[in-house]
Amino acid sequence: MEQEDPQDDSFDFLFKIILIGDSNVGKTCLVQSFKTGLFSERQQNTIGVDFTVRTLNIDGRRVKMQVWDTAGQERFRTITQSYYRSAHGAMIAYDVTRRATFDSVHSWVHELQRFGAANVLMALIGNKRDLEAEREVQFTDACRLAEDKGMLAALETSAREAQSVEEAFVMMARQLLLQNGMSVTQDDTHMLLRTNSRAVISGPTLANNAQEKQQPCQC
Ligand SMILES: Nc1nc2c(ncn2[C@@H]2O[C@H](COP(=O)(O)OP(=O)(O)OP(=O)(O)O)[C@@H](O)[C@H]2O)c(=O)[nH]1
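This write-up is about the structure you can find in this document. (Residues numbered from 1 in each chain as written. Predicted model: local features only at pLDDT ≥ 70, side-chain atom pairs only at ≥ 80, totals over all residues. Heavy atoms only, no water.)

1. Brief notes about the overall build of the protein chain
For clarity, the threshold we go by: By the criteria applied, helices consist of DSSP H or I runs no shorter than four residues and strands consist of E runs no shorter than two, each listed in order from the N terminus. Only protein chains enter the accessibility calculation, which uses a 1.4 Å probe; a residue whose area is less than 20% of its type maximum is buried, one above 50% is exposed, and one in between is partly exposed. Throughout, a contact is declared for two residues whenever any of their heavy atoms are within 4.5 Å. All accessibility values rest on the Shrake-Rupley procedure with a 1.4 Å probe; residue burial counts only the protein chains present in the view.
Counting its secondary structure elements, the protein chain contains eight helices and seven strands. Burial analysis of the protein chain (219 residues in total) assigns 52% to the buried set. For the protein chain, contacts bridging at least 24 residues in sequence account for 73% of all contacts bridging at least 6. Accessible surface for the protein chain amounts to roughly 10200 Å². Of this, 46% is attributable to carbon and sulfur atoms.

2. Here's the deal with helix α1 (residues 27–36)
In terms of residue burial, α1 counts as a mostly covered element, since seven of its ten residues are buried. When α1 is considered as a whole, its buried residues turn out to be Lys27, Thr28, Cys29, Leu30, Val31, Ser33 and Phe34. Where α1 is buried, its residues meet β1 (13–21), β2 (49–58), β3 (61–70), β4 (89–95), β5 (121–127) and α6 (165–179).

3. Describing unusual backbone geometry
Unlike most non-glycine residues, Asn24 shows phi in positive territory, near 70°. In this fold, Asn24 is placed in the loop between β1 and α1. Non-glycine residue Ala162 carries a positive phi angle of around 50°. With respect to the helices and strands, the residue Ala162 is situated in the loop between β6 (153–156) and α6.

4. Notes on the pairing of β1
Note the following rule: If DSSP finds at least two bridges between two strands, the strands pair.
Most of β1 is tucked away, with seven of its nine residues classed as buried. In terms of strand pairing, β1 meets β3 through seven bridges, oriented parallel. Within the sheet, the bridge partner assigned to Phe15 lies in β3 and is Met65. Here β1 pairs with β4 via five bridges, running parallel. When the sheet's bridge partners are listed, Leu19 is paired in β4 with Met91.

5. Notes on the site of the ligand
This is how it is decided: In these notes, residues near a molecule or strand are those with any non-hydrogen atom within 4 Å of it. Pairs of N or O atoms are called polar contacts if they sit within 3.5 Å, as long as, within protein, a hydrogen donor faces a hydrogen acceptor (for residues adjacent in sequence, only side-chain-to-side-chain pairs).
As a structural note, the neighbourhood of the ligand is formed by 23 residues, with Ser23, Lys27, Glu41, Asn45 and Thr46 the closest of them. Taking Glu41, its main chain carries an N or O atom lying 2.5 Å from an oxygen atom of the ligand. A distance of 2.6 Å separates an oxygen atom of the ligand from a polar side-chain atom of Asn45. Computed on the free molecule, the ligand has an accessible area of 650 Å², of which 92% lies beneath the protein chains in the complex. Element by element, the count of residues in the shell around the ligand is highest for α1, at three residues.

6. Considerations on the environment of Thr55
You can see Thr55 is positioned in strand β2. Since its relative accessible area comes to 23%, Thr55 is described here as partly exposed. Linking Thr55 and Lys128, residues 73 residues apart in sequence, is a C-alpha distance of 25 Å.

7. Looking at the pattern of salt bridges
A side chain of one charge can pair with a side chain of the opposite charge when the charged atoms of the two come close. As a reminder of what qualifies: Only one rule defines a salt bridge in this text: a Lys or Arg side-chain nitrogen within 4 Å of an Asp or Glu carboxyl oxygen.
Taken as a whole and judged by the stated rule, the model has 13 salt bridges. For Arg160, the salt bridge goes to Glu41, with nearest N and O atoms at 3.1 Å. Pair noted here: Arg160 is in the loop between β6 and α6 and Glu41 is in the loop between α1 and β2, with a separation of 119 residues, a long-range link. In this structure, Arg99 and Asp103 form a salt bridge, with 3.4 Å as the shortest nitrogen-oxygen distance. Of the two residues, Arg99 and Asp103 are both situated in helix α3 (residues 99–103); the distance of four residues between them amounts to about one turn of the helix. Bridged by salt links that share partners, the residues Arg99, Asp103, Asp141 and Arg144 form one connected network.

The following block contains the structure:
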């Protein structure tokens, strides 16, 4: 468990984000990339649950993101499920080079619906997009699934190349602010996502707020 930075003590909003998905899709690397911007090749499989915090500044508001990195391995399922209830947002990750991890997303969503809060915000994250030659999942399939499951967005990331990782967390934070009645201005996140990660925002609140800057899901 990471100790919280004492300087991180003051914040205006605290959002708990849980990362779920099959083992080895890169959840720990995504969290590390978000926290430090760094990638380290060798990771131990997560045992149970680990957490990281980072405070974002969004339109002058200090938004503390408490990120719960869960073990993808089946044997830890009982422990990890107990963390679902308090999550405001969930990132469901799969590996774009392993179709089976994408097929598992259905059961991860089911778990979340069973054990999580009714209004938990979901985003679909296809990681390892740097391995384009090994791709087994097309982004259009992810987009369709995200729409089908009522998720905020589907986007592709690379923890290795720090692509769209920051944007994914910022997007969650902004949407959670909106859901808490805060107005947020549009920044370049959506443009970045569109060009670098081919993300499609499907959440009604963000979409309304973003107006013409946003691209509707075209699956
Ligand atoms: N090429 C590439 N490899 C990645 C990327 N992200 C993670 N990896 C590799 O994928 C492997 C698994 O990464 P982890 O972050 O440990 O995966 P995890 O989902 O946390 O796994 P569990 O803890 O078992 O649930 C490691 O060997 C990483 O180096 C990425 O964006 N690109």
